Amino acid sequence: MKSLEYYFKKAKREKWAIGQFNFSELPQLEGIIEAAKEMHSPIILGTSEGESRFLGLKQAVALKKAYQMETGLPIFLNLDHGKSFDYIKKAIELGYDMVHFDGSKLSLKENISTTKEVVKYAKKFGVLVEGEIGIIGTDVSKVYEGKFEIEEKNLTNLKEAVEYIKETGVDCLAVSIGSFHGVSTESNPNLNFEKLKDIKKNIKDSFLVLHGGSGTPKKDIKKAIKLGIVKININTELRLIYTDTLKKFLKENPKEITPYKYLPETVKAVKGVVEDKIRLFNSKNKV
Ligand code: 13P
């Protein structure tokens, strides 16, 4: 199987993006894999610290390997928003392909120094590292009524980003350009494309990542890819479709108690959303 770096390079050259789809249990994962199979698309599976604590780091790695073997597809696993170096180290040792160190709430100096340690450690295992400059709004608990004010001061500062990349040599950089985690009924993310253009112009050696892919209008996603984004993270839309489908099914079938009879509905629903994203990101048939 070709490496994740190979796919990032290919995506950058050909102007498409790899989706990172988060999960914390099997039916969600099944839906994601079914979509990747159908579309012949490389994918990154994501687990946040919370998701991976629920599922288990070892279990996440074992599942990824099982599906890789079964499908022969380029399926990769990323630790999303890792905050502690100790936890990130465990993910690296256990077989994650990539780790995201989220030092966005730290001072630039602290962010740089911990990222350097992560990079040094990850390199020994051939694991890629994603860093982050700028703060991406993250209140997913308010997903139904969420309203996110994206403040200019939280967007990626170009000078800081350039210094960060130079000092740390991270493979990927998560940029804060106006997207947020979650789906708001009140406002769409307002992406700052001028900022993205500036970042792209000045940062040649790292792959650019867009977080908060849920709820971002299609035309904005397409434009962001055109301007250099090669990885897009999707979580909330998958959680929503999964939960809504399950609630609906159980409401309509209140006597159903057999998980293998009611969970296939959720697999189908997740698969549909992931297929739409793969089409949008143009990663179909890029295996
Ligand atoms: P969404 O929940 O908005 O899709 O964002 C996911 C994400 O960026 C995970 O890192």
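Everything discussed here concerns the structure shown above.
Note that the structure is predicted; figures quoted are calculated from it, not measured.

## Examining the overall build of the protein chain
Right, so step 1: Of the regular secondary structure elements, the protein chain holds 11 helices and eight strands.
Right, so step 2: For the protein chain, the C-alpha radius of gyration of 18 Å lies close to 19 Å, the compact-globule estimate for 287 residues.
Right, so step 3: Taking the principal axes of its C-alpha atoms as reference, the protein chain extends roughly 60 × 45 × 35 Å.
Right, so step 4: Expressed as a percentage of the 287 residues in the protein chain, the buried residues total 57%.
Right, so step 5: In the protein chain, of all internal contacts separated by at least 6 residues, the share reaching a separation of at least 24 is 74%.

## A few points about the packing of helix α6 (residues 108–124) against helix α7 (residues 158–168)
Right, so step 1: Between α6 and α7, the least distance of the axes is 9 Å, while the angle of their chain directions is 30°. Comparing the axis directions of α6 and α7 gives the class roughly parallel. Crossing of α6 against α7: the hand is right-handed. On α7, the residues that touch Leu-108, Asn-111, Ile-112, Thr-115, Lys-116 and Val-119 of α6 are Glu-160, Glu-163, Tyr-164, Glu-167 and Thr-168.
Right, so step 2: Among the residues forming the contact of α6 with α7, the class breakdown is four nonpolar, three polar and four charged.

## Re helix α4 (residues 57–71)
Right, so step 1: With 15 residues, α4 should cover 21 Å at 1.5 Å per step; its first-to-last C-alpha distance of 21 Å lies within 8% of that length.
Right, so step 2: The complete set of buried residues in α4 reads Leu-57, Ala-60, Val-61, Lys-64, Tyr-67 and Gln-68. For α4, the angular spread of the buried residues around the axis is 135°, confining them to a single face. More than 90 degrees from the buried face of α4, the exposed residues found are Lys-58, Met-69 and Glu-70.
Right, so step 3: At its buried positions, α4 is contacted by α2 (26–39), β2 (43–48), α3 (49–55), β3 (75–82) and α5 (85–94).
Right, so step 4: Of the residues one or two after α4, Gly-72 is the one with positive phi, at around 70°.

## A look at the sheet that holds β3
Right, so step 1: With parallel pairing, eight strands are arranged side by side around a closed barrel as β1-β2-β3-β4-β5-β6-β7-β8. Mean inter-strand twist for the sheet, computed between neighbouring axes without regard to direction, equals 25°.
Right, so step 2: Strand direction decides the pairing type here: strand β1 (residues 18–22) and strand β8 (residues 229–234), joined by four bridges, are parallel. Bridge pairing in β8 links Ile-18 to Lys-231.

## Focus: the pattern of salt bridges
When the charged atoms of two side chains with opposite charge come close together, those side chains can pair.
Right, so step 1: Counted by the stated rule, this structure contains 19 salt bridges.
Right, so step 2: The network of salt bridges with common partners includes Glu-38, Lys-271, Glu-275, Asp-276 and Arg-279.

## As for helix α8 (residues 193–202)
Right, so step 1: Among the residues of α8, Phe-193, Lys-195, Leu-196 and Ile-199 are the ones counted as buried. For α8, the arc enclosing every buried residue in end-on projection is 155°, short of the 170-degree limit, so these residues lie on one face. Summarising the geometry of α8, the exposed residues directed more than 90 degrees from the buried face are Glu-194 and Lys-201.
Right, so step 2: Those residues of α8 hidden inside the fold are in contact with α7, β6 (172–175), β7 (207–210), α9 (218–226) and β8.
Right, so step 3: The residue sitting at the N-terminus of α8 and contributing the capping side-chain oxygen is Asn-192; that oxygen lies 3.4 Å from the backbone nitrogen of Glu-194.

## Describing the site of the ligand
Right, so step 1: Lining the immediate surroundings of the ligand are 13 residues, of which Asp-80, Gly-212, Ser-214, Asn-235 and Thr-236 lie closest.
Right, so step 2: Between the ligand and Gly-182, the relevant distance is 2.9 Å, taken from an oxygen atom to a main-chain nitrogen or oxygen of the residue.
Right, so step 3: Thr-236 places a polar side-chain atom, nitrogen or oxygen, 2.4 Å from an oxygen atom of the ligand.
Right, so step 4: Isolated, the ligand exposes 300 Å² of accessible area, and the fraction of that covered by the protein chains is 98%.
Right, so step 5: The set of elements that each furnish at least two residues to the shell around the ligand consists of β3 and β8.
Right, so step 6: Class assignment for the residues of the shell around the ligand results in two nonpolar, 10 polar and one charged.

## Considerations on the packing of aromatic side chains
Right, so step 1: A full pass over the atoms with the stated rule returns five aromatic pairs.
Right, so step 2: Between Tyr-121 and Phe-125, the ring centres sit 5.3 Å apart and the planes meet at 40°, which makes this aromatic pair tilted.
Right, so step 3: A relative accessible area of 15% means that Tyr-121 is categorised as buried.
Right, so step 4: Classification of Phe-125 by relative accessible area gives partly exposed; the value is 40%.
Right, so step 5: The rings of Tyr-6, Tyr-7 and Phe-76 are connected pair by pair, giving a single aromatic cluster.

## As for the pairing of β8
Right, so step 1: In terms of residue burial, β8 counts as a mostly covered element, since six of its six residues are buried.
Right, so step 2: Pairing analysis gives three bridges linking β7 to β8, with the strands arranged parallel. Bridge pairing in β8 places Leu-208 opposite Ile-229.
Right, so step 3: For the segment spanning β7, α9 and β8, crossover handedness is right-handed.

Quick notes on the rules
Residues numbered from 1 in each chain as written. Predicted model: local features only at pLDDT ≥ 70, side-chain atom pairs only at ≥ 80, totals over all residues. Heavy atoms only, no water. Helix = DSSP H or I, 4+ residues; strand = E, 2+ residues; numbered from the N terminus. Rg over C-alpha atoms; globule rule 2.2 N^0.38 Å. Buried < 20%, exposed > 50% of the residue type's maximum accessible area, 1.4 Å probe, protein only. Contact = heavy atoms within 4.5 Å. Axes fitted to C-alpha atoms, helices over the stretch in contact; angles between N-to-C directions. Parallel < 35°, antiparallel > 145°, perpendicular 65-115°, else oblique. Left-handed = near helix turned anticlockwise from the far one by under 90°. Nonpolar A, V, L, I, M, F, W, Y, C, P; charged D, E, K, R; others polar. Expected span 1.5 Å × (residues − 1). Arc of directions from axis to C-beta. Pairing = 2+ DSSP bridges. Salt bridge = Lys/Arg side-chain N within 4 Å of Asp/Glu carboxyl O. Polar contact = N/O pair within 3.5 Å; in protein donor to acceptor, adjacent residues only side chain to side chain. Near = heavy atom within 4 Å. Areas by Shrake-Rupley, 256 points an atom, 1.4 Å probe, with all protein chains shown as cover. Phe/Tyr/Trp six-rings, centres within 6.5 Å; stacked < 30°, edge-to-face > 60°. Right-handed = clockwise from strand over helix to strand, strands pointing away.

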